[in-house]
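Topology and contacts: notes
Residue-level listing of the chains:
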Amino acid sequence: MLRVEGIDVYYGRIQALKDVSLKVEEGTVVSLLGANGAGKTTLLNTISGFISPAKGEMSYLDGSLRRKRAHEIVRLGIGHVSQQRDLFSELTVLENLRLGGSLLGDKTKMAKKLEEMYEDFGILKTRKDQKAGTLSGGEQQMLAIARALMAEPRMLLLDEPTTGLAPIYVERIKTLLRRLKERNMTMLLVEQNAPMAVTLSEHFYVLRNGRIVAEGKTESLPENVSGFFHKYYI
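About the criteria used
Residues numbered from 1 in each chain as written. Predicted model: local features only at pLDDT ≥ 70, side-chain atom pairs only at ≥ 80, totals over all residues. Heavy atoms only, no water. Helix = DSSP H or I, 4+ residues; strand = E, 2+ residues; numbered from the N terminus. Buried < 20%, exposed > 50% of the residue type's maximum accessible area, 1.4 Å probe, protein only. Polar contact = N/O pair within 3.5 Å; in protein donor to acceptor, adjacent residues only side chain to side chain. Contact = heavy atoms within 4.5 Å. Pairing = 2+ DSSP bridges. Axes fitted to C-alpha atoms, helices over the stretch in contact; angles between N-to-C directions. Expected span 1.5 Å × (residues − 1). Phe/Tyr/Trp six-rings, centres within 6.5 Å; stacked < 30°, edge-to-face > 60°. Lys NZ or Arg CZ within 6 Å of the ring centre and 35° of its normal.

1. A look at the side chain of Gln140
Considering the arrangement of structural elements, one finds Gln140 in helix α6 (residues 137–150). Residue classification places Gln140 among the buried positions, given a relative accessible area of 17%. For Gln140, the side chain forms a polar contact with the main-chain oxygen of Leu135, separated by 3.2 Å. For Gln140, the contacting residues outside a window of four places in its chain are Arg85, Leu87, Ala132, Gly133 and Leu135.

Given below as structure tokens:
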């Protein structure tokens, strides 16, 4: 469904990604692991059209993503939940959700999609008239994911969805991602929490200093997942 082939990305003279390649099959979850600063967020931002690679190719459903702008990539069916969440803090929960569904172009379809989000994210229904900026961190993360789903993407890019959350919300996000997986949502999941990520995914890649240094099927990993990945985080 998604293929990245040999991309290089620079910030000025500093090379952030070096000959990175990966693929995501339709209906699967792929985890992208690595320490802070490894290049994980840069890779997601490049796929989403916020950064242009200096070299390499990216394709989605056999169509090139190179030189496509971010809004065009959303229209193709790729949703992106950033680490910063990027909510409109002064708008209500409902207004944020409606913005996420602005591509639907049909009031009936919008109303149906909102009900689906309220069913999956019950807390958002009780908070629908509350400003997004006043929500807790876990509630904001749930709103960010729900807003991305409002556009009916075929694939989700998720950047550290559980980082900094209270344990109760970590469990809720894990349950939600598991539910999306059961519905065959294709996901590229960026996480530092390797044990959690591998329980959700079929395949993994490890980024270190801008390079892919390991990959494989999660079913082949040893029981001590944290121990296996420790060498890539130091």
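2. A word on unusual backbone geometry
A positive phi angle, close to 50°, is found at Glu160, a residue other than glycine. Examined against the element boundaries, Glu160 turns out to sit in the loop between β7 (155–159) and α7 (167–182). For Glu160, a relative accessible area of 3% gives the class buried. With phi around 50°, Asn209 is a residue other than glycine that occupies positive phi space. Assignment of secondary structure puts Asn209 in the loop between β9 (203–208) and β10 (211–217). Its relative accessible area of 57% is what places Asn209 among the exposed residues.

3. Section: the sheet that holds strand β3 (residues 29–33)
Remark on secondary structure: sheet strands pair via backbone hydrogen bonds, oriented parallel or antiparallel. With mixed pairing, the 6 strands of this open sheet are ordered in space as β6-β7-β8-β3-β9-β10. Strands at the two margins of the open sheet, each flanked by one partner only, are β6 (78–81) and β10. On average, adjacent strands in this sheet sit at an angle of 15° to one another, irrespective of strand direction. Relative to β10, β9 runs antiparallel, the two being bridged by 6 bridges. Bridge pairing in β10 links Tyr205 to Glu215. Packing of α6 onto the sheet brings it into contact with β6 and β7, and relative to β6 it is tilted by some 165°.

4. Points about α6
The terminal C-alpha atoms of α6 lie 20 Å apart, and with 14 residues this matches the ideal 20 Å at 1.5 Å per residue to within 8%. The buried count for α6 comes to 13 of 14 residues, which makes it a mostly enclosed element. A positive phi of about 55° marks Glu152, the residue just after α6.

5. Some thoughts on the sheet that holds strand β5 (residues 63–64)
The strand order across the open sheet formed by 4 strands is β2-β1-β4-β5, and the pairing between neighbours is antiparallel. Of all strands in the sheet, those bounded by a partner on one side alone are β2 (14–24) and β5. The pairing of strand β4 (residues 55–60) with β5 spans 2 bridges and is antiparallel. From the neighbouring strand, Tyr60 faces β5, where its bridge partner is Gly63. Across the sheet, helix α1 (residues 40–47) lies against β1 (2–11), β2 and β4, angled at about 115° from β1, the strand it touches most.

6. Details of the packing of aromatic side chains
What the rule picks out here adds up to 5 aromatic pairs. Between Phe229 and Tyr232 the ring centres are 6.5 Å apart and the planes differ by 55°, which places this aromatic pair in the tilted class. Joined through ring pairs, the aromatic side chains of Phe204, Phe228, Phe229 and Tyr232 make up one cluster. In this arrangement the basic side chain of Lys231 is found over the ring face of Phe228, its NZ or CZ atom lying 5.3 Å from the centre.

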